[in-house]
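Chain by chain, the residues:
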Amino acid sequence: MLDADGYRLNIGIVIANGRGDVLWAKRVRQDGWQFPQGGMQEGESQQQAMYRELEEETGLKPEQVEIWGTTRDWLRYRLPKKMIRPTKGKVCIGQKQKWYLLRLLSEDSAVQLDRSHSPEFDRWEWVSYWYPLGQVVSFKREVYRRALRELAPRLFSIVDQWQRAEEAQRPQDQQQ
C-alpha cells in the first residue's frame, strides 16, 4: 500500500527481552540483518499489520508479546535509485514506517523463523539495543536511529524497574 508520495506504508518491530537486548535477524540468502518489518495491507490497522508481520516473520503470536511503545509519527526513508520499483502501477520510492517496541513474554524457543511459507529470515540473535545502528544498511540507518531514540526511554525505564525489583528480592548476603 503506497501513500500519495510513493512511500510504502510499513510497520517496524523491535522485540526486546527482559535484559533490554533486541532481536536482530538475518535476511534469507543475504548478508543483511535488520529488525522485522513489513508492509500494511488495505483495510488493516497499524496494530493488525504489526501482529500479522510479527507472526509471519518470527512465528510469535500476540499473546507471546507485550506492546511497550510505538513511535508517535511515521518515519521515512528513501530507497537507493537502483532499488526503486513499480508496485501495482505506482512507483515505490521508499518506506513510511510506524515502529513498535515489544517485549517477548515467551521463551526464546518461541521465535520460529520458518513459520510462513516464504520465510524472510534464516537466523536471529539477541544484540545490545544500540548495536543495529552500526550494522543496518546505510539508507535505513537514520530511521533506525530515530525509532530507537524515541523508544529507548520506555524500554530502559521498564528494564531499570525490573532490575531494582530483582535486587530487592535477593537475600541480603547476595546483594553485597
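This text gives an overview of the structure that appears in the document. Just so it is clear, the model here is predicted, and its values are computed rather than measured.

1. Topic: the overall build of the chain
Secondary structure assignment for the chain yields 2 helices and 10 strands. Seen in sequence order, the chain has helices and strands lined up from the N terminus as β-β-β-β-α-β-β-β-β-β-β-α. Radius of gyration (C-alpha) of the chain: 17 Å, near the 16 Å computed for a compact globule of 176 residues. The principal-axis extents of the C-alpha atoms in the chain amount to approximately 65 × 35 × 30 Å.

2. Structural notes on the nonpolar core
Val14, Phe35 and Trp99 are the most contacted members of the largest nonpolar core, which totals 27 residues. Taken together, the elements giving at least two residues each to this core come down to strand 1 (7-16), strand 2 (22-27), strand 6 (75-78), strand 9 (94-104) and helix 2 (141-169). Sorting elements by how many residues they give to this core places helix 2 first, with 9 residues. Those residues in contact with Val14 that sit more than four places away from it in its chain are Val22, Phe35, Trp99, Tyr100, Leu101, Leu102, Leu148 and Leu151. Of all hydrophobic cores here, the second largest spans 21 residues; its members include Ala49, Leu102, Val111 and Phe121.

3. Things to note about the layout of surface pockets
Approximately 510 Å³ is the volume attributed to the largest pocket. Lining the largest pocket are 22 residues, and of these Arg27, Gln34, Met83, Phe139 and Lys140 lie nearest its centre. If you list the elements that add at least two residues to the lining of the largest pocket, you get strand 1, strand 3 (33-34) and strand 4 (37-39).

4. Focus on the environment of Arg141
Along the chain, Arg141 turns up in helix 2. Spatially, the C-alpha atom of Arg141 lies 19 Å from that of Trp124, the residues being 17 residues apart in sequence. Setting aside its immediate chain neighbours within four residues, Arg141 contacts Leu133, Gly134, Gln135 and Val136. A distance of 2.6 Å separates a polar side-chain atom of Arg141 from the backbone oxygen of Val136.

5. Brief notes about the environment of Lys88
By the element assignment, Lys88 lies in the loop between strand 7 (85-87) and strand 8 (90-92). Owing to a relative accessible area of 84%, Lys88 belongs among the exposed residues under this scheme. Taking the C-alpha atoms as reference points, Lys88 and Met1, 87 residues apart in sequence, are found 9.0 Å from one another.

6. Regarding the packing of aromatic side chains
Applying the stated criterion across every chain, the model contains 9 aromatic pairs. Ring geometry for Tyr77 versus Phe139: centroids 5.6 Å apart, planes at 50 degrees, classification tilted. Taken together, the residues span a long stretch of sequence, with Tyr77 in strand 6 and Phe139 in the loop between strand 10 (121-127) and helix 2 at a distance of 62 residues. For Tyr77, a relative accessible area of 5% puts it in the buried group. Residue classification places Phe139 among the partly exposed positions, given a relative accessible area of 21%. Directly above the ring of Tyr7 sits Arg76, whose terminal nitrogen or CZ lies 5.8 Å from the centroid.

Calculation notes
- Residues numbered from 1 in each chain as written.
- Predicted model: local features only at pLDDT ≥ 70, side-chain atom pairs only at ≥ 80, totals over all residues.
- Heavy atoms only, no water.
- Helix = DSSP H or I, 4+ residues; strand = E, 2+ residues; numbered from the N terminus.
- Rg over C-alpha atoms; globule rule 2.2 N^0.38 Å.
- Core = buried A, V, L, I, M, F, W, Y, C linked by side-chain atoms within 4.5 Å.
- Buried < 20%, exposed > 50% of the residue type's maximum accessible area, 1.4 Å probe, protein only.
- Contact = heavy atoms within 4.5 Å.
- 1 Å grid on protein atoms, 1.4 Å probe; cavity = no way out; pocket = protein on both sides within 12 Å on 5 of 7 lines; lining within 4 Å.
- Points joined across faces, edges and corners; volume = space filled by probe spheres on them.
- Polar contact = N/O pair within 3.5 Å; in protein donor to acceptor, adjacent residues only side chain to side chain.
- Phe/Tyr/Trp six-rings, centres within 6.5 Å; stacked < 30°, edge-to-face > 60°.
- Lys NZ or Arg CZ within 6 Å of the ring centre and 35° of its normal.

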